[in-house]
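Residue-level structural notes
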Amino acid sequence: MGRYLFLIAGAITLVLMILSPWAVPMREFDGTGYLLNPLGAMNPKGLALPEGLSFGWLGLFFGLWAVLLLTASLVMFLPGAQMRARVLYVLGGVGVLLFALEAYLFYQAIAAANDAALAAGARRPPLRRFALSLGAYAGLFYALGLLLLARMQLPGGLAFLVRLRGVVVPVVSLLLAVVVGAGVVAVLRPGLGTQGVEDLGLRELIAGKLDLVTYTFQILFSPILSLAGIFNSLSFATPLIFTGLAVAFGFRAGLFNIGAPGQLTIGALFAMLVGVYLPLPGWLLLPTAILAAALGGALWGGIVGWLKARFGANEVINTIMMNYIAASVLLFMLAANEYSFFGNKVTLPFKAEGFEGRSEEMQEEARIPHMIDILAPNSTFSWALPLAVVAALGVYYALRRLELGKRLLAALGAMVAGFVLGGLVPGIPVTISSALSSQLLNGSFLVAVLALLFYNFYLFRTAGGYELRATGLAPKAAEYAGVNLKRKMIMAMIISGALAGLAATHYVLGAGMDGTYRLKTSIPSSVGFDGIAVALMGQNMPLGIFLSATLFGVLLAGGVSLNAQLGISNQIIQVLQALIILFIAVGGFLPRYFTDPLRAAQVETEAKAEQEARQAKSSPAAGD
């Protein structure tokens, strides 16, 4: 059965190579491109390439790929697993090498053509928005699949994959979501450059659709190609890290905290009250405002935890209702300044002048600086943050024999010392582009990193975290072992709410919404719901949450460019998030041993027993 599925995969790869463009040497702003394919170029809009530019080597590479696909298909019918593995490793390596050569030849030809045009007096390069396309990527993915398949042929191959199920399930779910999302885009939109073109052949029509979906996802992932794009992506990712942690913390305790939007809103209100009105010394105001955001979220989550512990009230229903209450409280405080209660006029001081529902500006000392100002104040690279990180990590790992608490304290002290010393070291003048300086990534990202460290430390390094995880996995067993379940419920919701409330620091104290240091009624509290997708895709692990939040941040940043260039609504990101949740909920349609820990343990046990049996069988032979 597996062999025939492999043959089907090879056939699909070959069809994609025949029908889809392999590279696009030039593309207009609206996406219209000159599509290269080994069987001939497709150019519905009649774009002109520079004279002398040729990609005749595509036909040779197509022939090589066809031979490789045929050989790999035959290899699967070899009798020995070891032999199959060795040949598949070789073929996979050859495939990766072929893709690298294609990329080298393509980008070298593009660079040569552009350099020649500029040398001849052109005002700008004639070839823009060039990139490899789906036909080339299909070969790369097939080659990587061969390498994975080779590992699967060896003893313990399945157990190896099952051990990585925390990565396999999210990745497969993401790929399925991308495939379905691509199908949605292909159905709803015409192919790039094909609209209004008469006498369009079936091959050009299909190639245009495939080019559309490929270019759509290239734009979505394009932010990772520039520093400004990375800053923009991390700016989107910062609140997602907080809300992802909040939801994941609830999951670990066996609770579904769907109230992150409300906890974020109340955290924002608390941060605003401290940041605008509290008369504290400058050095104390910002830490107090950050703690106030956490306190507001903790209070809102703690109420739900207490209701759950005291009355057994369902936390899902309660958190949803608390979201509505929090939204109403926000509107009440910022939508207007005057209200009428039982005929009496009541005046509130919170709304700033103007038609928009917004607070007064934060005090100067309550503002979180932008990351670019932390890293390079006054266009001079500062060593403060890098030395602080290096010192903290160095001390933490150098004192491995100390108790964990003492190591953390020592690392904290080293971090402060490193920051102070780094600030005294002369910096390096740098040039900051306007695109980079306008990004809204701010210091709340560092708070998010600290929250990730706290999550990892508390849940996996403390007795309280162990009890909390035991409560989530087997509450009856945990209670029998002496864990106070009610106290754990309340504590879990308090911490979960505090993490969600900290997301407000990005928007209110860090001006992460629109560059203004105010609380507005339009604060995107729905990012709390997005935390569900982040937590599920990150498998409730700190590194997974960071990576999944960053992925969604990249997609959100790319969605802005997608809307500007192709007119495709960035709502496609919400579609992808929903699809990811859906596919993770069904385990990516993978076998049960990828989602069921007991079955996964059974697979690993069987693999270990098989390995021991082989060793026992080979030992007498070695002795003889």
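Description of the structure in this document. Throughout this document, residue positions are counted from 1 along each chain, in the order its sequence is written. Confidence filtering applies because this is a predicted model: local features only for residues at pLDDT of at least 70, side-chain atom pairs given and counted only at 80 or more, and all residues used for totals across whole chains, interfaces and linings. Where side-chain values are given, they derive from all heavy atoms of the structure, hydrogens and water being excluded.

Points about the pattern of salt bridges
Here, a salt bridge means any Lys or Arg side-chain nitrogen found within 4 Å of an Asp or Glu carboxyl oxygen. Evaluation of the coordinates by the stated rule reveals ten salt bridges. A salt bridge links Lys308 to Glu315, with the nearest nitrogen and oxygen atoms 3.0 Å apart. For each residue, the accessible area found with a 1.4 Å probe, counting protein chains only, is set against the maximum for its type, and the residue is called buried under 20%, exposed over 50%, and partly exposed in between. A relative accessible area of 8% places Glu315 in the buried class. Arg367 is the salt-bridge partner of Glu361, the closest N and O atoms lying 3.3 Å from each other. For Arg367, a relative accessible area of 19% corresponds to the buried category. Beyond isolated ion pairs, a larger network of salt bridges with shared partners links Glu356, Asp514 and Lys520.

A few points about the environment of Pro281
Helix and strand assignments follow DSSP, with helices taken as H or I runs no shorter than four residues and strands as E runs no shorter than two, numbered in order from the N terminus. Within the element layout of this structure, Pro281 appears in the loop between helix H9 (260–277) and helix H10 (282–311). Residue classification places Pro281 among the partly exposed residues on the basis of a relative accessible area of 41%.

Describing the pairing of strand E4 (residues 344–347)
Of the pairings in the sheet, the one linking strand E3 (residues 338–341) to E4 comprises four bridges and is antiparallel in character. Note that in E4 the partner of Tyr339 across the bridge is Val346. Note: two strands are recorded as paired if DSSP finds a minimum of 2 bridges between them. Adjacent in sequence and paired antiparallel, E3 and E4 are bridged by two residues, among which Phe342 carries a positive phi angle near 50°.

Focus: the nonpolar core
Only buried residues count toward a nonpolar core. Its members are Ala, Val, Leu, Ile, Met, Phe, Trp, Tyr and Cys residues joined through side-chain atoms within 4.5 Å. Counting 109 residues, the largest nonpolar core has Phe249, Met272, Leu509 and Leu519 as its most contacted members. Ranked by size, the runner-up nonpolar core spans 38 residues in total, among them Phe6, Met26, Ala72 and Phe106.

Examining the packing of helix H8 (residues 227–252) against helix H19 (residues 485–509)
In contact at an axis separation of 8 Å, H8 and H19 are set at 175° when each is read in the N-to-C sense. Viewed along their axes, H8 and H19 adopt a mutual orientation that is roughly antiparallel. Across the interface between the two elements, Ser235, Thr238, Pro239, Phe242, Thr243, Leu245, Ala246, Val247, Phe249 and Gly250 of H8 pack against Ala492, Ile495, Ser496, Leu499, Ala500, Leu502, Ala503, Thr505, His506 and Tyr507 of H19. Considered class by class, the residues forming the contact of H8 with H19 number 13 nonpolar, seven polar and no charged. For helices, the fitted axis covers only the stretch in contact; all axes are lines through C-alpha atoms, and the angles between them, taken along N-to-C directions, range from 0 to 180 degrees. By definition in this entry, angles of less than 35 degrees are roughly parallel, angles greater than 145 are roughly antiparallel, angles of 65 to 115 are roughly perpendicular, and the rest are oblique. In this description, contact between two residues means that some pair of their heavy atoms is separated by no more than 4.5 Å. Under the convention adopted here, Pro, Cys and the residues Ala, Val, Leu, Ile, Met, Phe, Trp and Tyr are nonpolar, Asp, Glu, Lys and Arg are charged, and Gly plus all remaining residues are polar.

As for unusual backbone geometry
As a rule of thumb, non-glycine residues mostly have phi less than zero, and peptide bonds are mostly trans rather than cis. At Ser379, a position not held by glycine, the phi torsion is positive, near 60°. Inspection of the secondary structure assignment puts Ser379 in the loop between helix H12 (371–375) and strand E5 (380–381). Ser379 gets classed as partly exposed once you look at its relative accessible area, which sits at 35%. Backbone geometry at Gln539 places phi at a positive 55°, although glycine is not the residue there. Mapping Gln539 onto the fold places it in the loop between helix H20 (527–537) and helix H21 (542–566).

Things to note about the side chain of Thr319
Residue position: Thr319 is located in helix H11 (residues 315–334). Classification of Thr319 by relative accessible area gives buried; the value is 1%. With residues near it in sequence (within four places) discarded, Thr319 still touches Phe256, Asn257, Ile258, Gly259, Gln263, Val304 and Met493.

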